[in-house]
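Observations on chain architecture
Chain residues, written in single-letter form:
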Amino acid sequence: MEVPEHLTARVVAPGEAPLVHGYDVQADLSAHYGFSDLVFLSLTGELPEGHAGRAFEVLLMFAAPVSVAEAPSHAAALARLCSAKPSSVAAVAAIGLAEQARHRVEELAPLIEWLRADREGPPALAGGDSPTARLQAMLRACGAPVDERDAQLPLAAAIVAGLWDLGLREAWQLEAAFVVARWPLAQAEAMSNTPGALGTYPIRLPSFDLRGTPREP
Amino acid sequence: MSLDHPVIVTDLGAATHGDNLVRGLSVRDDLFGRETRWSLLSRFVQGPDLDRDDAALLDDVLVAIVAPDPRIWPLKVGWIIGAYGDWWAAGAAVQAMLAECRMGPWACAAAYETATALAALRGDDATDFEKRAVAWIRDQWDVGTVVWGFGVAGGAGRARDERMDLIDAAARRHGRDQHRHYRASLDAAAAIQAATGRAPNMALAVASLALDLGLTRAQFEALMYQVVEPQVLGNAYESARLRSPALRELPLGYVRYVGASHRRSPAALRSDGGAGG
């Protein structure tokens, strides 16, 4: 039986002058594009054109802030407090963000169906507020077309709608965009903690009702 | 251009026609019906041959030290990640954080050094051993050395590690309580606690049993992960089952921000003509 003798690469041509989807990273992309353009290229196979590059960057920025109240940052911070090494903290943050992104995209399934139907009918979600309005203002400022119906969406959904309009239609693309945007902030937040300073951690947040255990006074 | 074809040499495992090999032994002919989980694990990490009584000892140790309270910090990490519904990811996160983490299997493995030192200190002459052990540990503490295997977490409500009694019962049940490292560790620990007030923890007891089984430090750490893994899995599984929204995101009122104050970027200031503030 013949077995392959090579690993197949389709995105990154390795070597001293690596290519990403055919473009020379060092001589071409680094001279003419920004990092978010490289992310866009990685996820879609093509460089952003016109307003799309700046719009994608705006969407990533709006997606980026991940609070320590959110599971990925919370777990990574606790790992750091437990004196886990930085690479382990990074792994916890990455696993948490991947799970958060998966969960978010799954929960937004009604939104994605609505987008797939060209936004026909009422929006699948409601709750548009100031952050969504600010996102739409920023997208307009960079020349991106903005669908007024998205104003009624909560921010996370509006971001997904924006990514959808830029051509990120597969779940893995949407999830990857969130992970890329958020990971540096989750890691930084976690690493801002002092290893071993477990006295600073609110162990009762949230509380556990441990059935069969006498309640503490 | 011809390439050097990389070859990795290992006898860990091999699939053959109708059988599998573990370190050259046939699952079908050599291991099935004879091997236990612990002997198989030891074989995987190139550890000593563990018989059924060794395995029974490790089973007793596993149960003796089980501490599945979700508030235990590494287990809490599993709860937080597991809140999205996937216990595999939650378990992976806990396993990732335990690498060289100063609690859990790594800390137990660190106690291996303490147990080794205490047995060496006793040597073949137990004369004044307890006194020498107290002097030894004071010397370590005087220069700031952490002596793993001593100290009990949990504040004033937990003056001793309650698991020590169960581990001792397991050691006696399986005839290990007089073995070299275990005896030296426990005798030294009693004297050290009496002299200094610092109680031993289960890591010292388990590490000394591991030494008497013939495990190296690295092998012991790997097997210790298997000892704690049931409670990691249990908590991850439970969290994935319950999918707590509170663990996915706490109300922002519970966050106290102590970072940089609000400030405007140089670009924003330039675009305002410097008039912003």
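Residues numbered from 1 in each chain as written. Chains lettered and ligands numbered in written order. Predicted model: local features only at pLDDT ≥ 70, side-chain atom pairs only at ≥ 80, totals over all residues.

Check the secondary structure of chain A and you find nine helices and three strands. Each helix (α) and strand (β) of chain A, taken in turn from the N terminus, gives the series β-β-β-α-α-α-α-α-α-α-α-α. Across its three principal axes, chain A shows a C-alpha extent of roughly 65 × 50 × 45 Å. Within chain A, the fraction of its 217 residues that count as buried is 38%. (Helix = DSSP H or I, 4+ residues; strand = E, 2+ residues; numbered from the N terminus. Buried ≥ 20, exposed ≤ 12 C-beta atoms within 10 Å, placed from the backbone.)

Bringing the environment of His32(A) into the picture now. Mapped onto the fold, His32(A) is located in helix α1 (residues 25–32). Sequence separation between His32(A) and Ala197(A) is 165 residues; the distance between their C-alpha atoms is 45 Å.

By a widespread convention, an interface's size corresponds to the accessible area lost as its parts come together. Counting from both sides, the interface comprises 29 residues of chain B and, opposite them, 27 residues of chain A. When residues of the side of chain B that touches chain A are traced back to their parent elements, those giving at least two are α4 (73–82), α5 (87–98) and α12 (245–248) of chain B. Per-element accounting of the side of chain B that touches chain A gives the leading share, six residues, to α4(B). Broken down by class, the residue content of the side of chain B that touches chain A amounts to 22 nonpolar, no polar and seven charged. (Contact = placed C-beta atoms within 7 Å. Nonpolar A, V, L, I, M, F, W, Y, C, P; charged D, E, K, R; others polar.)

Attention now goes to the packing of helix α5 (residues 86–107) of chain A against α5(B). Their axes nearest at 8 Å, the elements α5(A) and α5(B) cross at an angle of 170°. In terms of orientation, α5(A) and α5(B) fall into the roughly antiparallel class. In this structure, α5(A) crosses over α5(B), and the sense of that crossing is left-handed. For the pair formed by α5(A) and α5(B), the contact residues are Ser88(A), Ala91(A), Val92(A), Ile95(A), Gly96(A) and Glu99(A) on the first element and Ala89(B), Ala92(B), Ala93(B), Ala96(B) and Met97(B) on the second. (Axes fitted to C-alpha atoms, helices over the stretch in contact; angles between N-to-C directions. Parallel < 35°, antiparallel > 145°, perpendicular 65-115°, else oblique. Left-handed = near helix turned anticlockwise from the far one by under 90°.)

Before going further, it helps to spend a moment on the sheet that holds strand β1 (residues 12–13) of chain A. All names here are of chain A. An order of β1-β2-β3 is seen for the three strands of this open sheet, with the pairing classed as antiparallel. Two strands in the sheet have a free side with no partner beyond their single neighbour: β1 and β3 (23–24). Sheet analysis places β1 next to strand β2 (residues 19–20), joined by two bridges and oriented antiparallel. By the bridge assignment for β2, Ala13 is matched with Leu19. (Pairing = 2+ DSSP bridges.)

All right, on to the domain arrangement of chain B then. When its domains are assigned, chain B resolves into domain 1 (8–44) and domain 2 (73–242). Computed from C-alpha coordinates alone, the two centres of domain 1 of chain B and domain 2 of chain B are separated by 30 Å. (Domains from an automatic or database assignment.)

All names here are of chain B. Within the open sheet, the three strands sit side by side as β1-β2-β3. Their pairing is antiparallel. Single-partner strands in this sheet number two, and they are β1 (13–16) and β3 (25–26). Where β1 and strand β2 (residues 19–22) come together, four bridges link them in antiparallel fashion. Looking at the pairing, Ala14 lines up with Leu21 of β2.

Glancing now at unusual backbone geometry. Following Leu205(A), the chain continues to Pro206(A) via a peptide bond in cis, the omega torsion being -10°. Note that Pro206(A) resides in the segment after α9 (171–191). One non-glycine residue, Arg243(B), lies in positive phi territory at about 45°.

Take the packing of helix α6 (residues 105–122) of chain B against helix α11 (residues 217–242) of chain B next. Residues and elements named next belong to chain B. Running from N to C, α6 and α11 point in directions that differ by 145°, and their axes come no closer than 8 Å. Of the two possible hands of crossing, α6 and α11 adopt the one that is right-handed. Touching Pro105, Trp106, Cys108, Ala109 and Tyr112 of α6 are Arg217, Phe220, Glu221, Met224, Tyr225 and Val228, all from α11. Taken together, the residues of the contact of α6 with α11 break down into nine nonpolar, no polar and two charged.

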